[in-house]
Amino acid sequence: MDAVVLIVVAGLFAVVSGVNDGGAVLATGLKLPTVRPATGVLVLVLMVALVPLVTHQVALTFVTRLATFDEPGGRLAMTCAVVAALIVVTVLSAKGRPTSLTLAVVGGLTGAGLGWGLPVSAGSVGLVLAFGLAAPFAGGLLAWVLIRVLVTVTTARALPRWHWAGFLLQTLAYAANDGQKMLAVFMIALGFPGAPLTYTSLVAVLFGLGTLYGLPKAGRTLGREIIASRPPHGVVAELAAGTAVIASASVGMPVSMTQSIAGGLIGAGVAQGGGRVRWYAAVKIVVAWLLTLPASGLLGWALASMVKGIASVELT
């Protein structure tokens, strides 16, 4: 029964990931007609389905390095973690504070692991948080450099080719890193079956449905609110975020694509004059990030403690 509940939650989680993440991955390039939205969604869905067949190292980090969820009660604890992450992200989004679903998951997994009494690795949690904190700064620094190079060496006619390169790099990076949080939940629900195409395809389809729904809102937040964005800014943010995220994936560290993209946009804006950056919007997003992890951790701990207590009473 607990596996069925977790599978249902995993499906909902994949849809919400599409709403929260998928639109953000595509939004930075909306001011260039090179990649049409329908084509972008299709490519992103294919990446989410196929890349985990080659590597699912980050998914294993979610389910084995933060806390050990393959022990008795692991499925229920994972369910509590995902529910906590979804609640926190939903509440913050409803208040106009878009946040990182990956941060919420890390907090939820850590809190639920502690609440259920599962082994939790403080070192691994600290390392993941360090990479998560560094990702937007790395994206911003790379973008600060790349926007200067791009403006110098490219022309308006060549910009679409850079857009395609940045888009493909970004979607590959998302599928190899941030997007694997969805696969991690299914892996726990189905008993660590690896990453067969049947499951990755299901994740990708549900994710794609969420992306279609969330794209317009993400486009407004990342394409208009953070900076007065022009096409080169979006291209540079794609290249910078993709590079930062795929570098983290190479060592199995989950980081947030939305954070990296936001950092890339800010870095590109600062390089051409800080006045382009709408700092009030950037501060609002950073505050949401700071709230997300402790809130999801506390809620995950509370839910796991409560569910474990109920399960213990029923067994006795």
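The following paragraphs examine the structure supplied in this document. (Residues numbered from 1 in each chain as written. Predicted model: local features only at pLDDT ≥ 70, side-chain atom pairs only at ≥ 80, totals over all residues. Heavy atoms only, no water.)

## Remarks on the packing of helix H10 (residues 231-249) against helix H11 (residues 257-271)
As a packed pair, H10 and H11 sit with axes 8 Å apart at the nearest point and diverge in direction by 135°. Put simply, H10 runs oblique to H11. When the axes of H10 and H11 are compared, the crossing they make is right-handed. Residue-level inspection shows His 233, Val 236, Ala 237, Ala 241 and Val 245 of H10 in contact with H11, the latter providing Met 257, Ser 260, Ile 261, Gly 264, Leu 265, Ala 268 and Gly 269. Classifying every residue of the contact of H10 with H11 by side-chain character gives eight nonpolar, four polar and no charged. (Axes fitted to C-alpha atoms, helices over the stretch in contact; angles between N-to-C directions. Helix = DSSP H or I, 4+ residues; strand = E, 2+ residues; numbered from the N terminus. Parallel < 35°, antiparallel > 145°, perpendicular 65-115°, else oblique. Left-handed = near helix turned anticlockwise from the far one by under 90°. Contact = heavy atoms within 4.5 Å. Nonpolar A, V, L, I, M, F, W, Y, C, P; charged D, E, K, R; others polar.)

## A short note on the pattern of salt bridges
All chains considered together, the criterion is met by two salt bridges. A salt bridge links Asp 21 to Lys 181; the shortest N-O distance between them is 2.5 Å. Of this pair, Asp 21 sits in helix H1 (residues 2-27) while Lys 181 sits in helix H8 (residues 180-189), and the two are 160 residues apart along the sequence. The two residues Asp 21 and Lys 181 agree in class, both being buried. (Salt bridge = Lys/Arg side-chain N within 4 Å of Asp/Glu carboxyl O. Buried < 20%, exposed > 50% of the residue type's maximum accessible area, 1.4 Å probe, protein only.)

## Focus on H8
With 10 of 10 residues buried, H8 lies mostly within the body of the structure. Taken as a whole, H8 has its buried residues at Gln 180, Lys 181, Met 182, Leu 183, Ala 184, Val 185, Phe 186, Met 187, Ile 188 and Ala 189. One or two residues past the end of H8 sits Gly 191, with phi positive at roughly 80°.

## Some remarks on the nonpolar core
Ranked by size, the top nonpolar core spans 72 residues in total, and within it Phe 62 and Met 78 carry the most contacts. It is helix H4 (residues 74-94) that provides the largest number of residues to this core, a total of nine residues. Residues within four places of Met 78 in sequence aside, it is in contact with Leu 6, Val 63, Phe 69, Leu 109, Ala 184, Val 185 and Ile 188. Formed by 11 residues, the second largest nonpolar core is a distinct cluster that contains Val 235, Leu 239, Ala 240 and Ala 271. (Core = buried A, V, L, I, M, F, W, Y, C linked by side-chain atoms within 4.5 Å.)

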